[in-house]
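# Structure assessment
Listed below, chain by chain, are the residues.
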Amino acid sequence: MLETFYPGEYADSAYQIDFDQLYREGYRGVIFDIDNTLVPHGAAADARAKRLFAHLKKLGYRCCLLSNNKEPRVRMFNESIQACMIFDAHKPGTAGYQKAMKLMHTDARNTLFVGDQIFTDIWGANRAGIRTVLVKPIHPKEEIQIILKRYPEKLVLHFYRKWLKKNQKASPVSGSLENRNDKS
């Protein structure tokens, strides 16, 4: 039952994912959460985020921001990276993920989702059939409702790691990435 919450992979940071390798594997779209996935809560796109999106676009990826935040927050982050965007997404509902793939002209087979929360980001993307990468939160400062969710997330991650060891899964994506679903 807990497996519905397990990420496909677990990385230290969105900035350590080997997107070049994923592109070679056939992925063409990346959906990103924003806050604590790419930047601290409420922050604008920093130089690192701008470089990442420029690199992804150069590779040929289509990108979409999928956030439960309101429009002004998502627009502010998106000003300098110019990706597709969906605000007030109601994650973990699957409609936002489906809309993102439609905007990017991709489908669940060639789309990747990157986010920092299990019970919104990962659960929703898993339900939409998208390969998921859970990343560690960038900054410890979070809103209280998120802090409260981090405790049960730790429990899910504990069982996820046990599941990985039992199934001896290793990631072809990067050295720091744990994997539960390889594409091959």
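### Brief notes about the overall build of the protein chain
A tally of regular secondary structure across the protein chain gives six helices and seven strands. The order of α-helices and β-strands along the protein chain, N terminus first, is β-α-β-α-β-α-β-α-β-α-β-α-β. Every one of the 184 residues in the protein chain was classed for burial, and the buried ones make up 49%. When contacts within the protein chain are restricted to residue pairs at least 6 apart in sequence, long-range pairs at least 24 apart make up 68% of them. Accessible area for the protein chain stands at about 9,000 Å²; split by element, carbon and sulfur atoms hold 54% of it.

### Comments concerning helix α2 (residues 47-59)
Taking 1.5 Å per residue, 13 residues should reach 18 Å; α2 reaches 18 Å between its end C-alpha atoms and fits that length. All buried positions along α2 are accounted for by Ala49, Leu52, Phe53 and Leu56. Buried residues of α2, seen end-on, are gathered within an arc of 90° and therefore sit on one face of the element. More than 90 degrees from the buried face of α2, the exposed residues found are Arg51 and Lys58. For α2, the secondary structure elements touched by its buried residues are α1 (19-24), β2 (29-32), β3 (62-66) and α3 (71-78). Within two residues after α2, glycine 60 carries a phi angle of roughly 115°, on the positive side.

### Digging into the environment of glycine 93
Structurally, glycine 93 is set in the loop between β4 (84-86) and α4 (95-104). For the pair glycine 93 and alanine 125, spaced 32 residues apart in sequence, the C-alpha to C-alpha distance is 8.6 Å.

### Some points on the environment of aspartate 33
As for its position among the elements, aspartate 33 is in the loop between β2 and α2. For aspartate 33, a relative accessible area of 7% puts it in the buried group. With 84 residues separating them along the chain, aspartate 33 and glutamine 117 place their C-alpha atoms 9.0 Å apart. Sequence-distant contacts of aspartate 33, that is, excluding residues within four places in its chain, are made with Leu38, Leu66, Lys91, Phe113, Val114, Gly115, Asp116 and Asp121. A distance of 3.0 Å separates a polar atom in the side chain of aspartate 33 from a polar atom in the side chain of lysine 91.

Scoring rules and cut-offs
- Within any chain, residue numbers begin from 1 and follow the written order of that chain's sequence.
- Since the coordinates come from a predicted model, pLDDT governs what is reported: local features require at least 70, and pairs of side-chain atoms require 80 or more to be given and counted, while whole-chain, interface and lining totals use all residues.
- Side-chain figures throughout are based on the complete set of non-hydrogen atoms in the structure, without hydrogens or water.
- Each helix is a run of DSSP H or I of at least 4 residues and each strand a run of E of at least 2, with the numbering of both proceeding from the N terminus.
- Relative accessibility thresholds used throughout: buried, under 20% of the residue-type maximum; exposed, over 50%; partly exposed, between the two (1.4 Å probe, protein chains only).
- Any two residues whose heavy atoms approach within 4.5 Å are treated as being in contact.
- The method behind every accessible area is Shrake-Rupley, applied with a 1.4 Å probe, and residues are considered shielded solely by the protein chains displayed.
- Take the residue count of a helix, subtract one, and multiply by 1.5 Å to get its expected span.
- It is the directions from the helix axis to the C-beta atoms that the arc portrays.
- We define a polar contact as two N or O atoms separated by no more than 3.5 Å, with the added condition that, inside protein, one atom must be a possible hydrogen donor and the other a possible acceptor, whereas residues neighbouring each other in sequence contribute only through side-chain atom pairs.

Function cannot be inferred from these measures alone, as they are strictly geometric.
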